[in-house]
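# Structural features, examined
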Protein chains: 2
Amino acid sequence: STLTAMGWFPVLGLLLCLSVGLSEGSKLLVAPMDGSHWLSMKILVMELSARGHEVVVLVPENSLLIKGSQTFTTVIYKVPYTKEELDGKFNELRKGVFSPPKFSDLMTNVERLVNFTTMQVKGCEYMLNNKELMDQLRGEGFDAMLSDPFIPCGSVLAHMFSIPAVYFLNGLPCQLDFRANQCPSPPSYIPIFYSGNTDKMNFLQRAKNFILYNIESYVCTVMYASFDDLVSRYISEDMTYQKLLGEGAIWLLRNDFTFQWPRPIMPNMVFIGGINCVTTKPLPADLEEFVEGSGDDGFIVFTMGSMVSDMPLKTATFFFEAFRQIPQRVLWRYEGKVPENAPKNVKLLKWLPQNDLLAHPKARLFMTHGGTHGIYEGICHGRDNVHRMTARGVAEQLLIFDLTVLSNFYKEKMQTLSSLHHDRPVPPLDLAVFWTEFVMRHKGADHLRVAAHDLNWIQYFCLDVLAFLTLIVVTVIGITVKCCLFCTRKCCGRGTAVKKKQA
Amino acid sequence: STLTAMGWFPVLGLLLCLSVGLSEGSKLLVAPMDGSHWLSMKILVMELSARGHEVVVLVPENSLLIKGSQTFTTVIYKVPYTKEELDGKFNELRKGVFSPPKFSDLMTNVERLVNFTTMQVKGCEYMLNNKELMDQLRGEGFDAMLSDPFIPCGSVLAHMFSIPAVYFLNGLPCQLDFRANQCPSPPSYIPIFYSGNTDKMNFLQRAKNFILYNIESYVCTVMYASFDDLVSRYISEDMTYQKLLGEGAIWLLRNDFTFQWPRPIMPNMVFIGGINCVTTKPLPADLEEFVEGSGDDGFIVFTMGSMVSDMPLKTATFFFEAFRQIPQRVLWRYEGKVPENAPKNVKLLKWLPQNDLLAHPKARLFMTHGGTHGIYEGICHGRDNVHRMTARGVAEQLLIFDLTVLSNFYKEKMQTLSSLHHDRPVPPLDLAVFWTEFVMRHKGADHLRVAAHDLNWIQYFCLDVLAFLTLIVVTVIGITVKCCLFCTRKCCGRGTAVKKKQA
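Residues numbered from 1 in each chain as written. Chains lettered and ligands numbered in written order. Predicted model: local features only at pLDDT ≥ 70, side-chain atom pairs only at ≥ 80, totals over all residues. Heavy atoms only, no water.

We count it as follows: UniProt positions are given in the numbering used here, feature names are shortened, and annotations may be inferred rather than shown by experiment.
Chain A carries the name UDP glucuronosyltransferase 1 family, polypeptide A1 in an unreviewed UniProt entry, which gives Neogobius melanostomus as its organism. What UniProt states about chain A under its Sequence similarities (unreviewed entry) heading is, verbatim, "Belongs to the UDP-glycosyltransferase family."

Structure (structure tokens):
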């Protein structure tokens, strides 16, 4: 009946039905990363459950955002840290959000991130040592693993259980995702994170980018040291995390080229940017009343991401005073201290339905910290995205007073991006579902795996071949020269001999 | 109403409706390549016409396969050669089909190909000089150009009319498509055409591949000399064909990774392999009777491609005698001389509905020359593909007698490939339509264009940066050494002076 209903487009209909039909009843193991990462992955997990797959999510007993659900099974595992210790490390990590992004801060931020992920690795190891749980999971006979490679748990389990891994991510620090998947990233036009470069660089920017590209390789080894240690102990001594990630069948990247610089990609990379803003729900009554009351001036959405609802009082007061002077209403996700005479056009909330608010016709501006969810939801609904300005402390005053000017300036550009972002043959959620099911149906995606995985870097760049060819050329030249010398000497020698005889 | 009908999948429905709605009435100029290439492109052209676009196809007055149609407009242009001259050059070109593919033949085949394409270039130039036609076309205000880059006409017109180009192709000789689109092709795991290598190479194979990769660059300049000449005269002096192709918005590649080795790709490459076997029609009555009468033994489809219906009598006789000894019926596309007592299980045809025959349940084996249409239709319908054997003269006898063995040997592998090939989120024809319409809607696809197009190869590989950094290091070392020497000399000098004084 579905087929008939889709009559005007029968082949696509058939394919989609086929895909749903064949994979129904597949078993998927999910190893999520805690925090905002989970919010996106959850969308896919819910959808896969709704389509009839048996989904089992691994949840640490102390977690920030992962909770159980009616639609999927959770397996809760013990971890060697308390909720307080977890929150402590996380608070350290988010300190970096309010300092301007200077290169000098990079190593501090890396250190905080390493502290946080090392804790997650410890939790992971605790689970891997839980023999009973491991045996139970192995016995389930999962068809595939859906994992956030930001922590190594999923990759290790996929390898141990010999099931293909589907990775779900926005990107990994120091491009480990591209490195592991053998995807070329020429530093001549692919700007390094934190470099401040775009894809069009002059000579000095290119030099900076090139140097940072090589520094990044070193940073990589520091950042992933605890991961490398884990995989070498649980899999084999010569295994590294990068190599392990290279076994991934499909990479679902929460990214697309309306935001990312165009670059080489691999056949097993699937771009599902915008997966977090496919559907919108109506606003709760009180919010609807507040935003409707904003009149023609409209309202502003201000959030620093799902994990940061607090900020230093001095910064907060600055924002309150700035908001007092604008005609727009402001919806602000804020749980910190509130000054006594806070302006009435500001509504504070513990949590706000960001995606639904941005889809509202009266939404005028979106102020965010620059997290990927906010950016994609901004692009989705064509709102102005001024994250680069709010991130720079110095620009705040200018920003608030010139909101309207900025708003109009960015509006057009943002709407173009939005129209490009939406104009895709398959919506991101359906694409993510398709490829996850594909991996379950075919037990991997080996036909998309490049042979580069079998080469070391000397072989990859043909340096051994170059050395070999150089050796041949040098030998040939050497022999030729020797021969010539020998001949010359013989001739001269005979000449001298003859001369001597004549003498 | 379509939206309601597709209720269970509303977002996809919406997107597809949107895409059809917005582009209706767009104007597309088509510059096809004559011969079998046209047969695939025609499928897309017909579909775009059927979806309400105004499609204008440029046809040379003397052509091999391009004909007019009720569903699209043709503009016929004069060419400076007769049908006989065209056929003559083409017959030369297809001579290569029956010789075994040795590397020594490569240059001969390249020469024949160059002779053939040079003729097409002359035809193209004749059109470009037709000022009246050019003015008429320019006045039409086309939204995009759909072109087969195997000949340069379409690219030149797209540049001259300032409209985005969509390229439709299987691949270009010496990887010019990948080169032009700035797609990295490491010779360490991407086998060069004609090298006989696969994607897994040992050291010597890699050395061979590396050397051939560099030879290919030279072959490129020879092959495309007449194209380069044309574009430099009609566009600008510093324009090459490779640079011009680099302006292409979208590359529709009739290829996919069930057949092609996995490799890096670019965001503007769309894989539509199998576009030529999406739909099957019932067989004509006489064919249906013949194949139905084959019983349990089934039948064999034998064709050397759309352009070759003839072969040397000696070869033909060999095939006839071989077919006499097998129980299967044979459908053979053959127009050459027939021996007196030809076997009764062989039916000769001037043209055969290859795709429809291969989809028939009694089809047992597909013997082909290895053209891409046959291969994809073979993959589509899960038939055994023994093109590599038929291409090698020596293996023919073995091949025919061991058909059944081979058949079972390849059957399973081929069916796996077939199931992978079919398992895609969007059927190839719809994907090709989507991206052609996308380019018309957005006047190109700039957000998918890599910045590498603005770099020369020294910049691309950061060789200038490397030289600069080396210079700095050498200078610093030089100055340090000089300083040390100066200090040492001064100390020693003073030492000597002191000594002298003491003396």
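## Digging into the overall build of chain A
Keep this limit in mind: The way it works is that DSSP assigns letters per residue, a run of H or I at least four long becomes a helix, a run of E at least two long becomes a strand, and they are numbered from the N terminus. Whether a residue is buried, partly exposed or exposed follows from its accessible area with a 1.4 Å probe, protein chains only, as a fraction of its type maximum: under 20%, in between, or over 50%, in that order. Contacts were defined at the residue level, with two residues in contact if any of their heavy atoms lie within 4.5 Å. Residue exposure ignores everything except the shown protein chains as possible cover, and the areas themselves are Shrake-Rupley values with a 1.4 Å probe.
Broken down by element type, chain A carries 21 helices and eleven strands. Buried residues in chain A amount to 54% of all 503 residues. Once local pairs closer than 6 in sequence are excluded, the contacts in chain A between residues at least 24 apart make up 66%. Roughly 23200 Å² of accessible area belongs to chain A as shown, and the carbon and sulfur atoms make up 59% of that amount.

## Quick notes on the UniProt feature "transmembrane region" (unreviewed entry) in chain A
In this structure's numbering, the residues bearing the UniProt feature "transmembrane region" (unreviewed entry) are residues 457–481 of chain A. Between the C-alpha atoms that bound residues 457–481 of chain A the distance is 35 Å, and the span itself is 92% helix and 0% strand.

## Observations regarding the packing of aromatic side chains
Selection criterion: Here a pair means two rings of Phe, Tyr or Trp (six-membered ring of Trp) with centres within 6.5 Å. Their orientation is stacked below 30 degrees between planes, edge-to-face above 60, and tilted elsewhere. Geometrically, a lysine NZ or arginine CZ counts as sitting over a ring once it is within 6 Å of the ring centre and also within 35 degrees of the ring normal.
Under the defined criterion, the tally for this structure stands at 42 aromatic pairs over all chains. With a centroid separation of 5.2 Å and 80° between ring planes, the pair formed by A:Phe468 and B:Phe203 is classed as edge-to-face. Taken together, the residues span two chains, with A:Phe468 in helix α21 (residues 463–502) and B:Phe203 in helix α9 (residues 203–223). The exposure class of B:Phe203 is partly exposed, given its relative accessible area of 29%. For the pair B:Phe302 and B:Phe319, a centre-to-centre distance of 4.7 Å together with 50° between the ring planes defines the contact as tilted. With a gap of 17 residues between them, B:Phe302 in strand β8 (residues 299–303) and B:Phe319 in helix α13 (residues 313–324) connect regions that are remote in the sequence. The pair formed by B:Phe302 and B:Phe319 is uniform in burial state, with each residue classed as buried. Each member of the aromatic cluster is reached from another via a ring pair, and the members are A:Phe302, A:Phe319, A:Phe320, A:Phe323, A:Trp332 and A:Tyr334. Across from the ring centre of A:Phe178, 3.6 Å away, lies the NZ or CZ of A:Arg263, which sits over that ring.

## Observations concerning the nonpolar core
Selection criterion: Each nonpolar core is a collection of buried residues, namely Ala, Val, Leu, Ile, Met, Phe, Trp, Tyr and Cys, held together in the definition by side-chain atoms within 4.5 Å.
One finds A:Leu252 and B:Leu252 to be the most contacted residues of the largest nonpolar core, which totals 206 residues. Sequence-distant contacts of A:Leu252, that is, excluding residues within four places in its chain, are made with A:Leu44, A:Leu146, A:Val166, A:Tyr167, A:Phe168, A:Leu169, A:Val270, A:Ile272, A:Ala432, A:Trp435 and A:Thr436.

## What to know about the sheet that holds strand β1 (residues 27–31) of chain A
All names here are of chain A. Put simply, the test is: If DSSP finds at least two bridges between two strands, the strands pair. The angle between two axes is taken between their N-to-C directions and runs from 0 to 180 degrees, where each axis is a line fitted to C-alpha atoms and a helix contributes only its stretch in contact.
Taken together, seven strands build an open sheet; the order of strands is β3-β2-β1-β4-β5-β6-β7 and the sheet is parallel. Edge strands, defined here as strands with exactly one partner in the open sheet, are β3 (73–77) and β7 (269–271). Strand-to-strand twist across the sheet, computed as the mean angle between neighbouring axes with direction ignored, equals 20°. In the packing of helix α19 (residues 428–442) onto the sheet, contacts are made with β1, β4 (144–147), β5 (165–169), β6 (250–253) and β7, and the angle to β6 comes to roughly 165°.

## Structural notes on a nonpolar patch on the surface
All names here are of chain A. Where we set the bar: Nonpolar side chains (Val, Leu, Ile, Met, Phe, Trp, Tyr) within 5 Å and like charges within 9 Å form the patches, drawn only from residues with over 30% relative accessible area and no salt bridge. When a carboxyl oxygen of Asp or Glu is within 4 Å of a side-chain nitrogen of Lys or Arg, the pair counts as a salt bridge.
On the surface, Trp 457, Ile 458, Phe 461, Leu 463 and Leu 466 cluster together into a nonpolar patch covering about 520 Å² of accessible area. Residue assignment for the nonpolar patch shows that the elements contributing at least two residues are α20 (457–460) and α21. By the element assignment, Trp 457 lies in helix α20.

## Concerning the relation of the copies chain A and chain B
Definition in use: For the least-squares superposition of copies, only C-alpha atoms count, and only for residues with pLDDT at least 70 in both.
With an RMSD of 0.1 Å, chain A superimposes on chain B once it is rotated by 180° and translated 0.0 Å along the axis. Such a combination of rotation and displacement between the chain copies is what one expects of a two-fold axis. Counting the interface residues of chain A, we find that 100% of their copies in chain B are interface residues as well, pointing to one common contact surface.

## A word on the interface of chain A and chain B
Note the threshold: Any pair of N or O atoms that falls within 3.5 Å is considered a polar contact. Within protein, one atom must be able to donate a hydrogen and the other to accept it, and sequence-neighbouring residues count only if both atoms are side-chain atoms.
Contacts between the two partners involve 62 residues from chain A and, on the opposite side, 62 residues from chain B. Linking chain A with chain B are six salt bridges. As a salt-bridge pair, A:Arg441 and B:Asp423 come within 2.7 Å of each other at their nearest N and O atoms. Connecting chain A to chain B are eleven residue pairs in polar contact (both at pLDDT 80 or more).

## Let's talk about the sheet that holds strand β5 (residues 165–169) of chain B
All names here are of chain B. One open sheet accounts for seven strands, arranged β3-β2-β1-β4-β5-β6-β7; its pairing is parallel. Edge positions in the sheet fall to β3 (73–77) and β7 (269–271), since each of these pairs with one other strand and no more. For this sheet the average axis-to-axis angle between neighbouring strands, irrespective of direction, equals 20°. Where strand β6 (residues 250–253) and β7 come together, three bridges link them in parallel fashion. Note that in β7 the partner of Trp 251 across the bridge is Met 269. Against the sheet, helix α7 (residues 153–160) contacts β1 (27–31), β2 (54–60), β4 (144–147) and β5, and its axis sits at roughly 170° relative to β4.

## Details of helix α3 (residues 36–50) of chain B
All names here are of chain B. Heads up, the condition is: Expected span of a helix: the number of residues minus one, times 1.5 Å. Each residue is assigned a bend, namely the angle between axes fitted to the seven residues that terminate at it and the seven residues that start at it.
For α3, which comprises 15 residues, the first-to-last C-alpha distance of 22 Å matches the rise-based estimate of 21 Å (1.5 Å per residue) to within 8%. At Lys 42, α3 shows its maximal kink, close to 30°. Among all positions of α3, only Ser 36, His 37, Trp 38, Ser 40, Met 41, Leu 44, Val 45, Leu 48 and Ser 49 are buried. Looking one or two residues past α3, Gly 52 carries a phi angle of roughly 95°, positive in sign.

## Describing helix α6 (residues 131–139) of chain A
Residues and elements named next belong to chain A. Quick note on the threshold: The directions from the helix axis to the C-beta atoms are what the arc is built from.
The set of residues buried in α6 consists of Leu 133, Met 134 and Leu 137. Relative to the axis of α6, the buried residues are bounded by an arc of 100° and lie together on one face. Looking at α6, the residues exposed on the side facing more than 90 degrees away from the buried face are Lys 131, Glu 132 and Gly 139. One or two residues past the end of α6 sits Gly 141, with phi positive at roughly 60°.

## Section: the packing of α3(B) against helix α19 (residues 428–442) of chain B
All names here are of chain B. Worth spelling out the cut-off: Left-handed is the label given to a crossing in which the near helix is rotated counterclockwise from the far helix by less than a right angle, and right-handed is the label when the rotation is clockwise. When residues are grouped by polarity, Ala, Val, Leu, Ile, Met, Phe, Trp, Tyr, Cys and Pro land in nonpolar, Asp, Glu, Lys and Arg in charged, and all others, Gly among them, in polar.
Packing of α3 against α19 leaves a shortest axis separation of 10 Å and a crossing angle of 65°. α19 is crossed by α3, and the crossing has right-handed handedness. Residues Ile 43, Leu 44, Glu 47 and Leu 48 of α3 lie in contact with α19, whose contacting residues are Leu 429, Ala 432, Val 433, Thr 436 and Glu 437. Residue composition of the contact of α3 with α19, by class: six nonpolar, one polar and two charged.

## Focus: the pairing of β6(A)
Side-chain positions along a regular strand alternate between the two faces of the sheet. Residues and elements named next belong to chain A. Here β6 shows no split at all, with Ile 250 and Leu 252 on one side and Trp 251 and Leu 253 on the other all buried. Direction of pairing for β5 relative to β6: parallel, over a ladder of four bridges. Paired with Phe 168 across the bridge in β6 is Leu 252.

## Focus: the environment of B:Lys27
Residue and element names in this part refer to chain B. Tracing the chain through its elements places Lys 27 in strand β1. It is 34 Å that separates the C-alpha atoms of Lys 27 and Leu 352, two residues lying 325 residues apart in sequence. Separated by 2.8 Å, the side chain of Lys 27 and the backbone oxygen of Glu 140 make a polar contact.

## Things to note about unusual backbone geometry
Residues and elements named next belong to chain B. The backbone of Cys 174 sits at a positive phi, close to 45°, despite the residue not being glycine. Relative to the helices and strands, Cys 174 resides in the loop between β5 and α8 (176–180). Exposure remark for Cys 174: the relative accessible area of 10% places this residue in the buried category. With a phi close to 55°, Cys 462 is a non-glycine residue in the positive phi region. Looking at where Cys 462 falls in the secondary structure, it is placed in the loop between α20 (457–460) and α21 (463–502).

## Considerations on the side chain of B:His447
By the secondary structure assignment, B:His447 is in the loop between α19 and α20. Every residue in contact with B:His447, bar those within four places of it in the chain, is listed here: A:Phe257, A:Thr258, A:Pro262, A:Leu420 and B:Phe438.

## A short note on the state of the cysteines
Residue and element names in this part refer to chain A. Short version of the rule: By convention in this document, the label disulfide applies to cysteine sulfur atom pairs within 2.5 Å.
Tallied over the full model, the rule gives four disulfides over all chains. Each disulfide pairs two cysteine sulfurs, and for Cys 124 the partner residue is Cys 153, the sulfurs being separated by 2.2 Å. Measuring handedness by torsion sign, the sulfur bridge of Cys 124 and Cys 153 sits at about 120° and is right-handed. Note that Cys 124 is positioned in helix α5 (residues 106–128) and Cys 153 in helix α7 (residues 153–160), a separation of 29 residues in sequence. Looking at Cys 124, the relative accessible area reads 2%, which means it is buried. The exposure class of Cys 153 is buried, given its relative accessible area of 3%.

## Quick notes on the environment of B:Glu125
All names here are of chain B. Mapping Glu 125 onto the fold places it in helix α5 (residues 106–128). Taking relative accessible area as the criterion, Glu 125 reaches 19% and is therefore assigned buried. As a C-alpha pair, Glu 125 and Leu 448 span 323 residues in sequence and 31 Å in three-dimensional space. In this view, Glu 125 contacts Leu 230, Arg 233 and Tyr 234; residues no more than four positions away in its chain are not counted. Separated by 2.5 Å, the side chains of Glu 125 and Arg 233 make a polar contact.

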